[in-house]
Amino acid sequence: MITMRKKLTFRTVSLGTEPPIPKTEDLAGWIRENRGRNADLVTYQLEEGLIPQIDAGIGDICTGGRFYGKRWLECLTGMDGRTIVAEPGYLPGPVAADAQDIGVSVRDARVALPAPRLLGLEDSYFCDEDEMQDALSAVYRGLMRAMRDAGIAGHVLHCDRIVEHELEMLAGKRVFFFARDPDEEGLATLLEFQRVLAVTKKDIPLVEGLIEEYEINRIILVDPDARALMALLQIRDPDQISTGGYCTSACDRYWKDLVDVSTIVR
């Protein structure tokens, strides 16, 4: 008896990029090519993160990353450096301009940035942690809405530590939280607020332990390989699995490799 094997291709999902600081000559050349345009280093990094994904054919494109916190800080008012000294507000012009620039290259892209606690802000105004976080969350919502109004599909918020209060205030249909190295408790907290998880292959046993307790609509396997995808297929149907990436170097090759590994034979 001959058993026909089936080829499976998973949708690729970007969770952002962290392009290196460019060489002086590369940045100088880019500035010459964009003379007359209101652009800076962050604009350059957004483009550098975007173009390799487009070229590789990534399904769900996302530019930005932790570096994009620099742009977020530009928009905040009520600040002295990284210290809150008055009621926080925002000026959305810079992020709205970024959204429009991204839209020239690709539609329905997302933008990644640090979750509020990763900005490393200090408080000399509220003197109350909850009040400060509530105010920052309101600013985040306003800036993210300004980017969506300018054409961005949604946002990926990166965090080192999963904070329930941030999830309560910010998680939603267009805002996805991504923790690079979560534990089982952290994943459980995420699943209280979102039905999609982004995990690496080492986290598959943790996910398996949570399946009976939580509804999980989709799992994004970050930096996958064929063996890990086969393991995940033991607990999830193929249409509930995507492959994901967060590029921190050599992004041209990285995204092409992700596309290549996203097709397996089962």
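Here's a quick rundown of the structure. Just so you know, these numbers come straight off a predicted model, no measurement behind them.

**Looking at the overall build of the chain**
Next up, step 1: A tally of regular secondary structure across the chain gives 10 helices and 13 strands.
Next up, step 2: Along the first, second and third principal axes, the C-alpha atoms of the chain reach 75 × 45 × 30 Å.
Next up, step 3: Residue burial in the chain is summarised as follows: out of 266 residues, 50% are buried.
Next up, step 4: Summarising the internal contacts of the chain: among those between residues at least 6 apart in sequence, 64% fall at separations of at least 24.
Next up, step 5: Accessible area of the chain: about 13300 Å², with a carbon and sulfur share of 47%.

**Regarding the sheet that holds strand β6 (residues 110-114)**
Next up, step 1: What the four strands build is an open sheet, ordered β3-β6-β8-β9; its pairing is parallel. Across the chains shown, the open sheet's two edge strands, defined by having one partner strand only, are β3 (62-64) and β9 (175-179). Looking at each pair of strands side by side, their axes are set apart by 30° on average, direction ignored.
Next up, step 2: For strand β8 (residues 154-159) and β9, the ladder comprises five bridges, and the chain directions are parallel. The residue bridging L157 from the neighbouring strand is F177, located in β9.
Next up, step 3: Lying on the sheet, helix α5 (residues 129-149) is in contact with β6, β8 and β9; it crosses β8 at an angle near 140°.

**Let's talk about the pattern of salt bridges**
Next up, step 1: Within this structure, the stated rule accounts for 13 salt bridges.
Next up, step 2: Residue D98 pairs with R71 through a salt bridge whose shortest N-O separation is 2.7 Å. On the criterion of sequence distance, the pair formed by D98 in helix α4 (residues 93-105) and R71 in helix α3 (residues 69-75) is long-range, its members being 27 residues apart. As far as the burial class goes, D98 and R71 line up, both buried.
Next up, step 3: Connected via shared salt-bridge partners are D40, R71, E74 and D98.

**A word on the side chain of T43**
Next up, step 1: Residue placement: T43 occurs in helix α2 (residues 41-56).
Next up, step 2: Excluding residues within four positions of it along the chain, T43 makes contact with W30, R37, R71, D98 and D101.

**Some words on the nonpolar core**
Next up, step 1: Residues Y68, W72, L157, F177 and V207 are the most contacted members of the largest nonpolar core, which totals 70 residues.
Next up, step 2: Ranked by the residues each element gives to this core, the list is headed by α5, at eight residues.
Next up, step 3: If we skip the residues at most four places from it in the chain, Y68 touches V42, L46, V95, D98, V111, A112, L113, P114 and M147.
Next up, step 4: L15, A112, F178 and Y246 belong to the second largest nonpolar core, which has 12 residues in total.

**Topic: the sheet that holds strand β5 (residues 83-90)**
Next up, step 1: Strand order in the open sheet formed by three strands is β4-β5-β7, with mixed pairing between adjacent strands. One side of each edge strand has no neighbouring strand; the edge strands of this open sheet are β4 (76-80) and β7 (122-123).
Next up, step 2: Where β5 and β7 come together, two bridges link them in parallel fashion. Bridging across to β7, T83 finds its partner in E122.
Next up, step 3: Set on the sheet, α5 makes contact with β4, β5 and β7; between it and β5 the angle comes to about 35°.

**Some words on the side chain of T17**
Next up, step 1: Residue placement: T17 occurs in strand β2 (residues 11-17).
Next up, step 2: Its relative accessible area of 0% is what places T17 among the buried residues.
Next up, step 3: Once you skip the residues sitting within four places of it in the chain, T17 turns out to touch G49, Q53, C62, T63, G64, G65, F67, Y246, C247 and W255.

**What to know about unusual backbone geometry**
Next up, step 1: In this structure, C127 is a non-glycine residue whose phi angle is positive, near 55°.
Next up, step 2: Among the structural elements, C127 can be located in the loop between β7 and α5.
Next up, step 3: Positive phi, normally seen in glycine, also occurs at D223, with a value near 50°.
Next up, step 4: As for its position among the elements, D223 is in the loop between β11 (218-222) and α9 (226-232).

**Observations concerning the environment of I31**
Next up, step 1: Of note, I31 is situated in helix α1 (residues 24-33).
Next up, step 2: Under the relative-accessibility criterion, I31 is labelled partly exposed at 45%.
Next up, step 3: Spatially, the C-alpha atom of I31 lies 43 Å from that of D239, the residues being 208 residues apart in sequence.

Cut-offs and rules
- Residues numbered from 1 in each chain as written.
- Predicted model: local features only at pLDDT ≥ 70, side-chain atom pairs only at ≥ 80, totals over all residues.
- Heavy atoms only, no water.
- Helix = DSSP H or I, 4+ residues; strand = E, 2+ residues; numbered from the N terminus.
- Buried < 20%, exposed > 50% of the residue type's maximum accessible area, 1.4 Å probe, protein only.
- Contact = heavy atoms within 4.5 Å.
- Areas by Shrake-Rupley, 256 points an atom, 1.4 Å probe, with all protein chains shown as cover.
- Pairing = 2+ DSSP bridges.
- Axes fitted to C-alpha atoms, helices over the stretch in contact; angles between N-to-C directions.
- Salt bridge = Lys/Arg side-chain N within 4 Å of Asp/Glu carboxyl O.
- Core = buried A, V, L, I, M, F, W, Y, C linked by side-chain atoms within 4.5 Å.

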